[in-house]
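# Coordinates in review
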Amino acid sequence: VSQSRKVPQFFSFGANPTRNWLFRDLVNPYFVYQKTGLITDKLLRDPDTNKPIVKIFNAPTSANRKNTGERFSKRMQIVMRSTSKKRFVDGDWSAYEGLIYPEFDEATHVVHHDALENYIREQLQLNKLGVGEGYDYGQTSPSCYLLSFHDAFGNVFIVDGYYKSQFLIAQQANEIKRIRNHWGIVPSDRIYADPSIFKLGNATKDKVGEKISQLFHEEGIEMQRGSNDIASGIEKISSYLNVDPYHMHPIQRVYGAPRLLISSNLEWWHNEALDYYWNKNTLGQNVDKPRDVNDHAMDATKYLFTKRNKVIGS
């Protein structure tokens, strides 16, 4: 085809705000880039310029009143209520009823891994950070290990870990040791873990019916029971996710920051937080229990926060 016969190549479509693959794989990576400049693996970008090859426009119903008329916009404001109004009238992709952590926003809580690692290593040299670890066991479902650091200002940084199914105990122990070695740490405390691993089970290394905690012990990894209190765990984590207008961001050095920051490398953590909902009863009403699906990183985080207090005032 001659240069003169080439035509513009584009595809345009509209979509209602919904947290399906479109949000996770297209919309959210673009919004995060627009707000922070953070480039994730899912961002559709030109390999030469590293710039997005898509444009996403987010607008309320009123922005289209030239075509729909003022009356339609006003009626939508009346008919739609609460979360539905935020989604379908205001065009807010983040407004979802039943989310356990509606405070979580990748543009706010996710920090580029290189910047986070540089900061952590600098603080470690100054001996200004403590270490925390959390673990949730899965056999056919994923096992999740989290490494975090915390400072004297109440900030918690989740920087590393793994999220993998059908991962043998010996392999997990080696991966924990590798991660610790990468950060140059020797934790003074045991890992806060899923309480069920301290019960007799049928998981094996070369034996039958041993405790998972004992199998880790034989591999040189020591664990202790994490708190399994759902309500207090969620309340504590929510208090760290809340943005405090008087709290300074430890890396960006600006006021108006949360106290929980996550590495951009831990995409599986971000995905779980964005899709972590309360369970529903037969009437479709939320109940005080999370859905028991895709919650391994969230459970590991709950155990990680076992000995931490809720942020006062949150």
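As a starting point, this report considers the structure included with it. (Residues numbered from 1 in each chain as written. Predicted model: local features only at pLDDT ≥ 70, side-chain atom pairs only at ≥ 80, totals over all residues. Heavy atoms only, no water.)

## Quick notes on unusual backbone geometry
This is how the line gets drawn: Counting from the N terminus, the helices are DSSP H or I runs at least four residues long and the strands are E runs at least two residues long. Exposed residues in this analysis have more than 50% of their type's maximum accessible area, buried residues have under 20%, and partly exposed residues fall in between, with area computed by a 1.4 Å probe over protein chains only.
Residues other than glycine seldom take positive phi values, yet R253 does so here, at roughly 60°. Topologically, R253 is positioned in the loop between β7 (244–248) and β8 (255–257). At N294, a position not held by glycine, the phi torsion is positive, near 50°. One can find N294 in the loop between β11 (286–290) and α11 (296–304). You can call N294 partly exposed: its relative accessible area is 45%.

## A closer look at the sheet that holds strand β3 (residues 143–150)
We apply this condition: Only strands that DSSP links by at least two bridges are regarded as paired with each other. The contact criterion used throughout is that any non-hydrogen atoms of two residues lie within 4.5 Å. Axes, fitted as lines to C-alpha atoms, cover a helix only where it is in contact. Angles between the N-to-C directions of the axes lie from 0 to 180 degrees.
Spatial ordering of the open sheet is given by β1-β9-β4-β3-β2-β5-β6, a layout of seven strands whose pairing is mixed. Two strands bound the open sheet, and with one partner strand each, they are β1 (110–111) and β6 (223–225). Of the pairings in the sheet, the one linking strand β2 (residues 130–136) to strand β5 (residues 191–193) comprises two bridges and is parallel in character. Note that in β5 the partner of Y135 across the bridge is A193. Most of the contacts of helix α7 (residues 169–183) go to strand β4 (residues 156–164), to which it runs at about 150°, and overall it touches β2, β3, β4, β5 and β6. Of the strands in this sheet, β1, β3, β4 and β9 (260–263) touch helix α10 (residues 267–274), which is tilted by about 95° from β4.

## Thoughts on the packing of α10 against α11
Note the threshold: Any angle that falls under 35 degrees is termed roughly parallel, while one over 145 is termed roughly antiparallel, one within 65 to 115 roughly perpendicular, and all others oblique. All residues other than Ala, Val, Leu, Ile, Met, Phe, Trp, Tyr, Cys, Pro, Asp, Glu, Lys and Arg, Gly among them, are scored as polar; the first ten of these are nonpolar and the last four charged.
Running from amino to carboxyl end, α10 crosses α11 at an angle of 95°, the nearest separation of the two axes being 8 Å. Looking at the two axes, α10 sits roughly perpendicular to α11. Residue-level inspection shows W268, W269, E272 and A273 of α10 in contact with α11, the latter providing H296, A297, M298 and T301. Within the contact of α10 with α11, the residues separate by chemical class into five nonpolar, two polar and one charged.

## Some details on the pattern of salt bridges
Side-chain pairs of opposite charge can arise whenever the charged atoms involved come near each other. Rules: The term salt bridge refers to a pairing of a side-chain nitrogen on Lys or Arg with a carboxyl oxygen on Asp or Glu at a separation within 4 Å.
Here the structure, examined in full by the defined rule, presents eight salt bridges. The salt bridge partner of R291 is D275, with a shortest N-O separation of 3.9 Å. Placement of R291 in the loop between β11 and α11 and of D275 in the loop between α10 and β10 (278–280) is noted, with a sequence separation of 16 residues between them. Owing to a relative accessible area of 30%, R291 belongs among the partly exposed residues under this scheme. Residue classification places D275 among the partly exposed residues on the basis of a relative accessible area of 26%. Taken together, the shared-partner salt bridges in this structure form one network comprising D25, K42 and E267.

## Section: the side chain of D151
Here is the rule we go by: Neither His nor the chain ends is counted toward charge; the positive residues are Lys and Arg and the negative residues Asp and Glu. Contacts described as polar in this section are N or O atom pairs within 3.5 Å, which, within protein, must combine one atom able to donate a hydrogen with one able to accept it, while residues neighboring in sequence count only if both atoms come from side chains.
Counting through the fold element by element, D151 comes out in the loop between β3 and β4. Buried and unpaired, D151 has no salt bridge, with R308 as the nearest side chain of opposite charge at 6.5 Å. Here G154 takes part through its backbone nitrogen, which lies 3.2 Å from a polar atom of the side chain of D151. Within the structure, the side chain of D151 is placed 2.9 Å from the backbone nitrogen of N155, a separation counted as a polar contact. Once residues within four sequence positions are removed from consideration, D151 is found in contact with Y119, K128, L129 and F157.

## Details of the side chain of D194
Here D194 is to be found in the loop between β5 and α8 (212–218). Nearest to the buried, unbridged D194 among oppositely charged side chains is K199, at 7.7 Å. At 3.0 Å, the side chain of D194 and the side chain of S196 are in polar contact. Filtering out sequence-adjacent residues up to four positions away, D194 remains in contact with Y135, D136, Y137 and Y303.

## Points about the pairing of β9
Covered by surrounding structure in β9 are L260 and I262 together with L261 and S263, the residues of both alternating faces. Examined bridge by bridge, β1 and β9 share two bridges and lie parallel to one another. From the neighbouring strand, V110 faces β9, where its bridge partner is I262. Sheet topology note: the β4/β9 ladder contains three bridges and is parallel. Residue pairing across strands places I158 opposite I262, the latter belonging to β9.

## With respect to the nonpolar core
Buried together is how nonpolar side chains tend to be arranged in soluble globular proteins. Counted only if it meets this: What makes a nonpolar core is a set of buried Ala, Val, Leu, Ile, Met, Phe, Trp, Tyr and Cys residues whose side-chain atoms join them at distances within 4.5 Å.
One finds Y101, F104, I158, L260 and W269 to be the most contacted residues of the largest nonpolar core, which totals 37 residues. Counting residues per element, this core draws most heavily on helix α1 (residues 21–36), at eight residues. Apart from residues no more than four positions distant in its own chain, I158 is found in contact with L116, L146, L147, S148, L260, L261, I262, S263, L266, W269, T301 and L304. Core analysis: the next-biggest nonpolar cluster, separate from the first, contains 30 residues, V111, L129, F167 and I176 among them.

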